[in-house]
Amino acid sequence: MDSDASETPRTTGGGGGADGDSFNRALLEAGYARLYDSEFTKRDGYASLERQARENGTGLWTCAS
């Protein structure tokens, strides 16, 4: 695995291209993706976005029990 791939967060929303990072962030923040358990340098920030979306019942998290 090359270094670029290891820095790409794995979300259900995917992402890709040069702007995949901000696309994934937007999906998590809007509650339309979840973070897979993986390691990368920005993981804590992404986990925080998912946690906020869950707590606020944002996006798909409105249906979570």
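The rules we used
Residues numbered from 1 in each chain as written. Predicted model: local features only at pLDDT ≥ 70, side-chain atom pairs only at ≥ 80, totals over all residues. Heavy atoms only, no water. Helix = DSSP H or I, 4+ residues; strand = E, 2+ residues; numbered from the N terminus. Buried < 20%, exposed > 50% of the residue type's maximum accessible area, 1.4 Å probe, protein only. Contact = heavy atoms within 4.5 Å. Areas by Shrake-Rupley, 256 points an atom, 1.4 Å probe, with all protein chains shown as cover. Core = buried A, V, L, I, M, F, W, Y, C linked by side-chain atoms within 4.5 Å. Phe/Tyr/Trp six-rings, centres within 6.5 Å; stacked < 30°, edge-to-face > 60°. Lys NZ or Arg CZ within 6 Å of the ring centre and 35° of its normal. Salt bridge = Lys/Arg side-chain N within 4 Å of Asp/Glu carboxyl O.

Student: Break down the overall build of the chain for me, citing the residues and quoting the values.
Tutor: Looking only at helices and strands, the chain features three helices and zero strands. Ordered by position from the N terminus, the helices and strands of the chain form the series α-α-α. By residue count, 28% of the 65 residues in the chain fall in the buried class. Long-range pairs, those at least 24 residues apart, make up 42% of the contacts in the chain between residues at least 6 apart in sequence. About 4400 Å² of surface is accessible on the chain, with carbon and sulfur atoms providing 48% of the total.

Student: How would you summarise the nonpolar core if you had to cite specific residues and measurements?
Tutor: Listed in full, the eight residues of the largest apolar core are Leu27, Leu28, Ala33, Leu35, Phe40, Tyr46, Ala47 and Leu49. At the level of elements, helix H2 (20-29) and helix H3 (43-56) are the ones that each hand at least two residues to this core. Broken down by element, this core gets its largest block of residues, three residues, from H3.

Student: Go over the packing of aromatic side chains with me, naming the residues and quoting the values.
Tutor: Counted under the stated rule, the structure contains one aromatic pair. Of note, arginine 25 hangs over the ring of tyrosine 46, and the distance from its end group to the ring centre comes to 5.6 Å. If you follow arginine 34 out to its NZ or CZ, it ends over the ring of tyrosine 36, 5.3 Å from the centre.

Student: Now, about the pattern of salt bridges: what can you tell me, with residues and values included?
Tutor: Scanning the entire structure with this criterion turns up two salt bridges. In this structure, aspartate 37 engages arginine 43 in a salt bridge whose closest nitrogen and oxygen atoms are separated by 3.5 Å. Given a relative accessible area of 71%, aspartate 37 falls into the exposed group. With a closest N to O distance of 2.8 Å, glutamate 50 and arginine 54 form a salt bridge. Linking glutamate 50 with arginine 54, this pair stays in helix H3, spanning four residues, or about one helical turn.

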